[in-house]
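# Coordinates in review
Next come the chains, spelled out residue by residue.
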Amino acid sequence: MNHPTVGEKQAWSSVLEKIKTKIASEQFTTWFTNLRLIELNNHEIHICVSNLFCKEWLKNNYMDIISSTINEVTNLDPNVILVAENEENISKPEPFIRYTPTLINDKEHIYVNKNYTFENFLVGPCNRLAHAAALAVCESPGVTYNPLFIHGPVGLGKTHLLQAIHFQVQHHSSQYRVSFLPCEAFVNHYISTIKNGNWDDFRNMYRQIDVLLIDDVHFLANSQSSREEFFHTFNALYSQQKQIVLSSDCPPEEIPTIEERLISRFRWGLIARVDQPSLETSIAIIQKKASLLDMNLSYETAYYLAENIPSNIREIEGSLINIKKHAFLLGNTKIDITLAKHVVHESLKKERKYIGIEDILHTVTKHFGVQLSQLHSKRKFKSITLPRQVAMHLARKLTRLSLEEIGGYMGGRDHTTVMHADEKIKNLKRVDRNVSATLRKMEKELIK
Ligand code: ADP
Ligand code: MG
């Protein structure tokens, strides 16, 4: 496909400028700012959109505006063809170059954090099983727990453990070929292989590995064909007694769209969950992280942080870095509990802003360009269902309203509908990073 000419690009930006004047600015920002012109000719205009979700939404809601504006600006009446980013990449492998076969071993350092070792991993009741199993895997890969499947909420050390295995095997059992990679990289590599046809390279590469560590396998939910390929890779490795270690933000059976045969493969070995750390474990982790950050932290301050930032370790680490920055800005002032309280208090203040259902409804109607009355109505059109589900999800997440109360605000829906909507959007967020980006944008707007 040709690249657009300068003239075509100019025409396209005039089209966008004009569309901007026709719809609310929030809608424009949400749906139009990431569009990219691929080609424009008398018969067709190809526009790249960030994902299938946006493509559907634009198709169902903005096609008329897009077509008529193109006609107004160019006097042409081309067929409008929307192409989702991933679809386009099937015929354009360039963006995936960093995941091509030869790179898996020598560029692994892109993904690997040298601090994610067993030495830096603190063990408590929340992660004891996962930790013990990870160590056992290093002792005798492919023998004891195969596959090892570690799951749990974000920020609780899954990636850290997988990389610790990587480090340990690489440094202490160098006869084994070990590879760590995010599942997204596997999927992208698979997609680029569809294009370049190097199936031998693809298959040989994965199938020669002795210890394969794949992080965030819930990402497989995105693509049925890569699940298929993953299944074959899994079988090939497993039948040769090669070790497979997987992590995910949920147990195998909760990965959306995943087939039973893959679930059952994941269950063949050991499934270990990581949980929120107890107060004692959090304190120990905070002290460890502080020492890695070269910070002198008293037990009292570590205790205060553990008690006040209970959600996950990544956030605690973020706060430590914030405290360090504050101390530096204040002229390398001593890090003590007063400073920690000040920094934490500031961030908690932001989090605790009151958000009402009216704010949520306002934001959702603005972003999706729907009427409040439509959200309340009993109609089940797809174009209304999605915004309504997003509103219910945001209400669950950001308010203290009960399921029944939220249902009440959404045109008298019952609590199971709200629960279902919440789950649906959570899953969508998990499999589609642009959806999660859009939702984050709305949340940010609500919280600020
Ligand atoms: P996940 O992959 O589960 O989302 P990560 O492995 O990325 O989480 O962990 C987030 C941060 O928390 C990392 O900096 C990691 O080192 C740290 N962390 C999590 N659990 C522990 C632990 N038990 N001991 C030390 N650090 C931990
Ligand atoms: Mg992770």
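Residues numbered from 1 in each chain as written. Chains lettered and ligands numbered in written order. Predicted model: local features only at pLDDT ≥ 70, side-chain atom pairs only at ≥ 80, totals over all residues. Heavy atoms only, no water.

Turning next to the packing of helix α19 (residues 382-398) against helix α21 (residues 415-431). At a closest axis distance of 8 Å, the pairing of α19 and α21 adopts a crossing angle of 95°. By the angle class used here, α19 and α21 are roughly perpendicular. Packed against α19, whose contacting residues are Leu 386, Gln 389, Val 390, Met 392, His 393, Arg 396 and Lys 397, the element α21 presents Thr 417, Val 418, His 420, Ala 421, Asp 422, Lys 424, Ile 425, Lys 426, Leu 428 and Lys 429 at the interface. Across the contact of α19 with α21, the residue classes break down as seven nonpolar, four polar and six charged. (Axes fitted to C-alpha atoms, helices over the stretch in contact; angles between N-to-C directions. Helix = DSSP H or I, 4+ residues; strand = E, 2+ residues; numbered from the N terminus. Parallel < 35°, antiparallel > 145°, perpendicular 65-115°, else oblique. Contact = heavy atoms within 4.5 Å. Nonpolar A, V, L, I, M, F, W, Y, C, P; charged D, E, K, R; others polar.)

The next thing to look at is the site of ligand 1. Close to ligand 1 lie 18 residues; Gly 155, Thr 159, His 160, Lys 289 and Glu 317 are nearest. Contact distances for ligand 1 include 2.7 Å between an oxygen atom and a side-chain N or O atom of Lys 158. Coverage of ligand 1 by the protein chains reaches 97% of its 560 Å² of free accessible surface. Broken down by class, the residue content of the shell around ligand 1 amounts to eight nonpolar, six polar and four charged. Structurally, the shell around ligand 1 is a two-domain feature, drawing no fewer than three residues from each of domain 2 (118-273) and domain 3 (279-349). (Near = heavy atom within 4 Å. Polar contact = N/O pair within 3.5 Å; in protein donor to acceptor, adjacent residues only side chain to side chain. Areas by Shrake-Rupley, 256 points an atom, 1.4 Å probe, with all protein chains shown as cover. Domains from an automatic or database assignment.)

Here the focus is the state of the cysteines. Scanning the model with the defined rule gives zero disulfides in all. For the unlinked cysteine Cys 138, the closest cysteine sulfur is that of Cys 126, found at 19 Å. Looking at Cys 250, it has no disulfide partner, and the nearest cysteine sulfur is the one in Cys 183, 12 Å off. You can call Cys 250 buried: its relative accessible area is 3%. (Disulfide = S-S within 2.5 Å. Buried < 20%, exposed > 50% of the residue type's maximum accessible area, 1.4 Å probe, protein only.)

Time to look at the nonpolar core. Ranked by internal contacts, the top residues of the largest apolar core, which has 56 residues, are Ile 165, Ile 214, Val 217, Phe 230 and Phe 266. It is helix α9 (residues 183-196) that contributes the most residues to this core, six residues altogether. Setting aside chain neighbours within four positions, we find Val 217 in contact with Phe 149, Cys 183, Phe 230, Leu 246, Ser 247, Ser 248 and Ile 255. Residues Trp 31, Leu 40, Leu 394 and Val 435 belong to the second largest nonpolar core, which totals 52 residues. (Core = buried A, V, L, I, M, F, W, Y, C linked by side-chain atoms within 4.5 Å.)

On to helix α13 (residues 279-292). Here α13 is 14 residues long and its end C-alpha atoms lie 20 Å apart, about the 20 Å a rise of 1.5 Å per residue gives. Regarding α13, the residues found buried are Thr 281, Ser 282, Ile 283, Ile 285, Ile 286, Lys 289 and Ala 290. Immediately downstream of α13, the backbone of Asp 294 shows phi near 65°, a positive value. (Expected span 1.5 Å × (residues − 1).)

Now for the sheet that holds strand β2 (residues 44-49). Pairing is mixed in the open sheet, where three strands are placed in the order β1-β2-β3. Looking at which strands have only one partner, the edges of the open sheet turn out to be β1 (36-40) and β3 (79-84). The mean inter-strand angle of the sheet, taken between neighbouring strand axes irrespective of direction, is 25°. Bridge count for β1 against β2 is four bridges, and the pairing is antiparallel. In the strand pairing of β2, Glu 39 is matched with His 46. (Pairing = 2+ DSSP bridges.)

Let us look at the domain arrangement of the protein chain. Here the protein chain is described as being made up of domain 1 (6-84), domain 2 (118-273), domain 3 (279-349) and domain 4 (357-447). On a C-alpha basis, the centres of domain 1 and domain 2 stand 40 Å from each other.

This part covers the environment of Glu 8. Following the sequence through the fold, Glu 8 ends up in helix α1 (residues 6-22). As a C-alpha pair, Glu 8 and Ile 45 span 37 residues in sequence and 9.9 Å in three-dimensional space.

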